[in-house]
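Topology and contacts: notes
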Amino acid sequence: MSTRRVAIVGSGPVGLDAALAAVARGWQAVVYESGPAVASGVRVWGHVELFTPWPMNVSDRMRDVLGAASPDLEQDPRLPTGAELVSRLLEPLARAPELGGSVRAGTRVLGIGRAGLVKDEEIGSRERAARPFLLLVEDRDGERIEQADVVIDSSGALSIPNAVGDGGIPAPGERALDHMLQRSIPDVQGQPTAFAGRTTLVVGAGHSAQTAVRDLAGLAPDAGGTRVIWAVRDQDPSWDGVPDDPLPARAELVSGSVALAGGASGVVDVRLGTSVAGLAERDGRTLVTLGKRGMGEELLADRVLALVGAVGDGSLYEQLQVHECYATAAPMSLSAALLGSGSSDCMAHAPPSGDTLKNPEPGFFIIGAKSHGRFGAFLMQTGYAQVDQVMELLAD
């Protein structure tokens, strides 16, 4: 097939890089973005700095396309925020002539199937590979079916937030009070009045929760009455620390979290080995029951930050033959390679071979942060390497 129709779900950095790689080969690329603008997922954390400097977030393809328009990205040692990543890199790429209007913002992919087949038919056969993909998409004009020869899912790993309850299931009352929980890193500095002089409960121990607690602790000295309660499930958390971390910003965040957990700020009250046992509404505030070693404690919080991670939306491809790891929700072969490496950190190992990105479903690939499922931090460079591997597989 000389001209492939490549459908890409998600217009973040990896999705746009995949589009550039496809059009460079003379293929037709369509990037479906469910949000109203390119990289809507990145915009959610636009106020947050990345752990990596500019050169680590720009692929060779991106440099070639932007050229003289952004000559300083190659040498800029600063850590960009999500908003800067969008304005200086992703928006210019989406407007570039090379993509020629390939990015369709406000267009959500609702489901992906194979023409004339359901999940259990033509298992591993050439006949299945010969059928085009069908994508049910929705935009302001309604729903319709579009076709593709290749589908690349780079929609990210933040579609479905994890629950705060013990065991990963919703705590009693959590579903009813979902509107009162914030499941993304807040812009504490940009909206200080939302937290100053108030009680905030932060649930989670990963980098998102650590970032929120750090920012809240920084606000507290200038705002009397500010209280931060930090509920951490593990009694002895690792704080996602990496030995001899090559990323100074990440290492600093982790070391700062260890200090805060040790009482360094005086305003952060850390509850280790604690889970959320229940949630209820009380006069516009959230009554939270924290469970620890079989004992419950009630507290009233003005804000609850449920920063316990998230996973990608696997329902998109429930009619495809996708082999996912039972423990990580990542593609099985890639998950096995990552688990075998002994580390979940992208900096600790070379990108796995292209074969690890293959699925039993021919022509369907999961790349980017979503490909790592429940593993640790994902770096853009790894996603760009995955794009190269997918293109090599498609060229065979």
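The model shown is predicted, which means the values in this text are computed figures rather than measured ones.

Each value, and the rule that gives it
Residues numbered from 1 in each chain as written. Predicted model: local features only at pLDDT ≥ 70, side-chain atom pairs only at ≥ 80, totals over all residues. Heavy atoms only, no water. Helix = DSSP H or I, 4+ residues; strand = E, 2+ residues; numbered from the N terminus. Rg over C-alpha atoms; globule rule 2.2 N^0.38 Å. Buried < 20%, exposed > 50% of the residue type's maximum accessible area, 1.4 Å probe, protein only. Contact = heavy atoms within 4.5 Å. Areas by Shrake-Rupley, 256 points an atom, 1.4 Å probe, with all protein chains shown as cover. Pairing = 2+ DSSP bridges. Axes fitted to C-alpha atoms, helices over the stretch in contact; angles between N-to-C directions. Expected span 1.5 Å × (residues − 1). Salt bridge = Lys/Arg side-chain N within 4 Å of Asp/Glu carboxyl O. Bend = angle between axes of the 7 residues up to and from the residue. Core = buried A, V, L, I, M, F, W, Y, C linked by side-chain atoms within 4.5 Å. Parallel < 35°, antiparallel > 145°, perpendicular 65-115°, else oblique. Left-handed = near helix turned anticlockwise from the far one by under 90°. Nonpolar A, V, L, I, M, F, W, Y, C, P; charged D, E, K, R; others polar. Phe/Tyr/Trp six-rings, centres within 6.5 Å; stacked < 30°, edge-to-face > 60°. Lys NZ or Arg CZ within 6 Å of the ring centre and 35° of its normal.

**Quick notes on the overall build of the chain**
Within the chain, the secondary structure is distributed over nine helices and 18 strands. Expected size for 396 residues packed as a compact globule is a radius of gyration near 21 Å; at 22 Å, the chain falls within 12% of this value. Over its C-alpha atoms, taken along the principal directions, the chain stretches across nearly 65 × 50 × 45 Å. Residues classed as buried in the chain amount to 50% of the 396 residues present. In the chain, the proportion of contacts linking residues at least 24 apart, taken out of those at least 6 apart, comes to 69%. Just so you have it, the chain exposes about 18000 Å², and 50% of that area is on carbon and sulfur atoms.

**Things to note about the sheet that holds strand β1 (residues 5-9)**
The strands making up a sheet associate through hydrogen bonds between their backbones, and the pairing can be parallel or antiparallel. Ordered in space as β3-β2-β1-β7-β18, the five strands form an open sheet in which the pairing is parallel. Two strands lie at the open edges of the sheet, namely β3 (103-105) and β18 (364-366), each paired on one side alone. Averaged over all neighbouring strand pairs, the angle between strand axes comes to 15°, with direction disregarded. By the bridge criterion, three bridges tie strand β7 (residues 150-153) to β18 in an arrangement that is parallel. Counterpart to D153 in the pairing with β18 is I366.

**Quick word on helix α1 (residues 13-24)**
Along its twelve residues, α1 runs 17 Å from first to last C-alpha, staying within 8% of the 16 Å computed at 1.5 Å per residue. Counted residue by residue, α1 has ten buried out of twelve residues, so it is predominantly covered. Burial in α1 covers these residues: P13, V14, G15, L16, D17, A18, A19, L20, A21 and A22. Downstream of α1 by a residue or two, G26 has a phi angle that is positive, lying close to 80°.

**Considering the pattern of salt bridges**
Under the definition given, this model contains 25 salt bridges. The salt bridge involving R183 is made with D178; its shortest N-O contact spans 3.1 Å. A salt bridge links R271 to E297; the shortest N-O distance between them is 2.4 Å. One end of the pair, R271, is in strand β12 (residues 268-272); the other, E297, is in strand β15 (residues 295-301), and 26 residues separate them in sequence. Here E297 falls in the partly exposed class, since its relative accessible area comes to 32%. Among the ionic contacts, a cluster of salt bridges with common partners joins D76, R78, E84 and R88.

**Considerations on helix α4 (residues 82-95)**
If you check α4, its first and last C-alpha atoms are 18 Å apart, about what 14 residues at 1.5 Å a residue would give, namely 20 Å. Considering bend angle alone, the principal kink of α4 is centred on L89 and spans about 30°; proline P92 follows within four residues of it. Buried residues along α4 sit in contact with α1, α2 (40-44), α3 (60-66), β3 and α9 (380-395).

**Structural notes on the sheet that holds strand β10 (residues 199-203)**
Sheet architecture is open: five strands sit in the order β9-β16-β10-β11-β12, paired in parallel fashion. Looking along the sheet, the strands with just one partner apiece sit at the ends: β9 (181-182) and β12. Sitting on the sheet, helix α6 (residues 207-219) is in contact with β10, β11 (227-232), β12 and β16 (303-306), with an inclination near 160° to β10.

**With respect to the nonpolar core**
Most often, soluble globular proteins keep nonpolar side chains buried together rather than apart. By size, the foremost hydrophobic cluster in this structure holds 44 residues, and its most contacted members are L89, L90, L93, I152, I367 and M391. Elements represented by at least two residues in this core include exactly β1, α1, β2 (28-33), α3, α4, β7, α8 (332-341) and α9. By size, the runner-up hydrophobic cluster in this structure holds 20 residues, among which are L216, A217, L305 and L307.

**Regarding the packing of α1 against α9**
Following both chains from N to C, one finds α1 and α9 inclined at 30°, their axes separated by 9 Å at the closest point. In terms of orientation, α1 lies roughly parallel with respect to α9. For the element pair α1 and α9, the recorded crossing hand is right-handed. For the pair α1 and α9, contact is made by P13, V14, D17, A18, A21 and A22 and by M380, G383, Y384, V387 and M391, respectively. Here the contact of α1 with α9 is composed, by residue class, of nine nonpolar, one polar and one charged.

**Section: the packing of aromatic side chains**
Counted according to the given criterion, the structure contains two aromatic pairs. Geometrically, the ring pair formed by W230 and W239 is tilted, given 5.0 Å between the ring centres and 50° between the ring planes. Residues W230 and W239 agree in their burial class; the two are buried. Ring centres of Y317 and F364 lie 5.3 Å apart, and the angle between their planes is 55°; on these two criteria the pair is classed as tilted. Here F364 lies in strand β18 and Y317 lies in the loop between β17 (310-311) and α8, a separation of 47 residues in the sequence. Accessibility classification places Y317 together with F364 in one group, the buried group. Positioned above the aromatic ring of W27 is the side chain of R4, whose terminal nitrogen or guanidinium carbon lies 5.1 Å from the ring centre. Above the face of the F133 ring, R114 is positioned so that its terminal group lies 3.8 Å from the ring centre.

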